[in-house]
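Architecture and fold: a report
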Amino acid sequence: MSDFYREVILDHYKNPRGHGAMDSPDATAEGLNPLCGDEVTISVALADDGETIDEVKFEGRGCAISQAATSMLTEMVKGRSATDVATLPKEELLEEIGIPLTPIRLKCALLGLGVLKVALHRAKGTPLPPEWAGLANELEIS
Amino acid sequence: MAVTTQAKLDARKLRADFPIFEQRIHGKPLAYLDSAVSTHKPRQVLEKLQDFYETSYANVHRGVYTLSERSTAEYEGARQKLAQFVNAASPREIVFVRGATEGLNLVAYAWGLVNLEPGDVVVVTELEHHSNFVPWQYMAKRTGATLKMIRLDDNGELDLSELDRIAGEGKVKVVANNLVSNALGTINPIEKLSAWAHEQGAIMVVDGAQAAPHKAVDVQALGCDFFAFSAHKMCGPTSVGALWGRLELLEEMEPFNLGGHMIRKVTLEETTWGDVPAKFEAGTQPIAEAVGFGAAVDYVTEVGLESIEQHEHDLAAYALEQLADVPGIKLYGPPPERRAGIVSFNLGDLHPHDVAQVLDMEGVAIRAGHHCCQPLMQKLGVAATNRASFYLYTVPDEIDRLVSGLHKAQKIFS
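Residues numbered from 1 in each chain as written. Chains lettered and ligands numbered in written order. Predicted model: local features only at pLDDT ≥ 70, side-chain atom pairs only at ≥ 80, totals over all residues. Heavy atoms only, no water.

Let us now look at helix α5 (residues 134-143) of chain B. All names here are of chain B. For α5, the full list of buried residues reads Pro-135, Trp-136, Met-139, Ala-140 and Thr-143. For α5, the buried positions fall inside an angular range of 135° around the axis, keeping them on one side. A positive backbone phi angle near 85° is found at Gly-144, which sits one or two residues after α5. (Buried < 20%, exposed > 50% of the residue type's maximum accessible area, 1.4 Å probe, protein only. Helix = DSSP H or I, 4+ residues; strand = E, 2+ residues; numbered from the N terminus. Arc of directions from axis to C-beta.)

Given below as structure tokens:
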């Protein structure tokens, strides 16, 4: 077995959590890495308080890292506050992924988180932090 | 299949010339199957670079002192070798550039920008590397000319039945094509396209980056007007390449880079240009790299271009046969007799990055991506492919390791 593809990554890749679309989501965005063709669309439903993330769903295709990372992300953020998640440091997700990533594969890993941040900031009317704006541009997130 | 008069090359023996193969990757011997992106360097070239810097280096065409003369003789000697290598009519037709990309940009700027106008047609193909596509797309936009594409058939070969229709779209001024496709390995019919280009009154611009390392090139037989290639893809150093151009075209062209060495006379009012090829070699050139390029020409010539071509055909045929048995594989490109040592493929729904990552753990290096051929990827309907490519040091054992690595990737992800 390859060390790179840890069991947990393969499990999320083969059995993605929160896979699917959502009718009338409270927040949504999509991204496409033009260099490798990874695609991710994320939909979020907020609880009645307008703040707690009630449900997250994603659809996409691409490499194991991009899809597994997005699947892991949906589990990480469910039940948390949208404001917290909009400012979630990328290290929290990268720790969960737990493998050394080259700069190219780092973008695969961060595609889902970038899409989620764009969706949440747009829904809340807050500006995307500059460090994510560059990535959002590169990964054609809108 | 090429008729081979040269002896069959012994790749196992040649590998001993390449120090890179002495190491292990992730504890395994290196199987380097990415020579289409760049080749490794034999001791003969590395030692030449070292020796040149230690004994003969100085700037060229400048000093009257002994070292400068020695350096100039080596640099011009390399130009002579390159001229013979592509059968140029004169060494003056060889311009040193940073690589094939710069050579093609030189033609696009110094010929295209000056000669193209609205109503003109620039013809490229769906097989082009971005280096022979983007400059022409850009020049067409800048000048108001129209960009037309020669399409591919399902084998990944050019569909020449469209030529008459394209000729009816306007005045064809430029036809640009690679002799060998870096993405699919397709060997293109440059002689036919050159003849057609000249019937239209157009120039024929050939990207030879993938061809020059792999087969004997005769620019006069190809009938083209420009042929650009890079040293690093044929055992030579990075940052140097050559543009061959027909002397009469080079002479009437505007310069590309402006500065030192390319001038005849400079006054406050105006500057006149030096002779070809100096007119296109402004500034201090990659001198040692050019000398190393000459050593690379010596190396591949001694191995024998016909032997290299035959070796690659054999490897491509072997790889296509072995890969065909891998479940779920999709192979792209023409049959082995019409391709160089390049095999592009996809493995079911697995992303090429994942496939290449698993192979890397096995010490097998392949390319995963769009190969600087996004128009081709659009045609194939994929974002990327895996690509294995071979050279004179590639042995069948490396292809076997590729195949078993693919089985492993399938097991991991299924």
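Residues and elements named next belong to chain B. Looking at the element boundaries, Thr-385 is found in strand β17 (residues 385-389). Assessed through its relative accessible area of 1%, Thr-385 is described here as buried. Among the polar contacts made by the side chain of Thr-385, one reaches the side chain of Ser-344 at a distance of 3.3 Å. (Polar contact = N/O pair within 3.5 Å; in protein donor to acceptor, adjacent residues only side chain to side chain.)

Any pair of aromatic rings gets described here by the distance separating the centres and the angle formed by the planes. Residue and element names in this part refer to chain B. As enumerated under the stated definition, the model contains 16 aromatic pairs over all chains in all. Aromatic pair Phe-52 and Tyr-53: ring centres 6.3 Å apart, planes at 55°, arrangement tilted. Under the relative-accessibility criterion, Tyr-53 is labelled partly exposed at 45%. Ring geometry for Tyr-109 and Phe-256: centres 5.8 Å apart, planes at 35°, overall tilted. Here Tyr-109, found in helix α4 (residues 100-115), pairs with Phe-256, found in the loop between α9 (247-252) and β11 (263-266); they are 147 residues apart in sequence, far enough to count as distant. Its relative accessible area of 31% is what places Tyr-109 among the partly exposed residues. We classify Phe-256 as partly exposed; its relative accessible area is 24%. Here the aromatic cluster, defined as three or more aromatic residues joined through ring pairs, consists of Phe-18, Phe-21, Tyr-299, Tyr-391 and Tyr-393. The ring of Phe-21 has Arg-15 sitting right over it, with the charged end atom 4.1 Å from the ring centre. (Phe/Tyr/Trp six-rings, centres within 6.5 Å; stacked < 30°, edge-to-face > 60°. Lys NZ or Arg CZ within 6 Å of the ring centre and 35° of its normal.)

Moving on to the nonpolar core. Considering soluble globular proteins, one finds that nonpolar side chains tend to be buried as a cluster. All names here are of chain B. Counting residues in each nonpolar core, the largest one holds 77 residues, and the members touching the most others are Phe-227, Phe-229, Phe-293, Val-300 and Leu-392. Sorting elements by how many residues they give to this core places helix α10 (residues 287-303) first, with eleven residues. Setting aside residues up to four positions removed in sequence, Phe-229 forms contacts with Leu-82, Phe-85, Val-86, Gly-99, Ala-100, Gly-208, Ala-209, Ala-212, Met-234, Gly-241, Ala-242 and Phe-293. (Core = buried A, V, L, I, M, F, W, Y, C linked by side-chain atoms within 4.5 Å. Contact = heavy atoms within 4.5 Å.)

Paired through their backbone hydrogen bonds, the strands of a sheet run either parallel or antiparallel. All names here are of chain A. Ordered in space as β1-β2-β3, the three strands form an open sheet in which the pairing is antiparallel. Both edges of this open sheet fall to β1 (27-32) and β3 (53-61), since each of them pairs with a single strand only. Going from strand to strand, the sheet's axes swing by 10° on average, the running direction of each strand aside. Bridge analysis of strand β2 (residues 39-46) against β3 gives eight bridges, and the strand direction is antiparallel. What sits directly across from Ser-43, in β3, is Lys-57. Strands β2 and β3 of the sheet are contacted by helix α2 (residues 64-77), whose axis makes an angle of about 175° with β3. (Pairing = 2+ DSSP bridges. Axes fitted to C-alpha atoms, helices over the stretch in contact; angles between N-to-C directions.)

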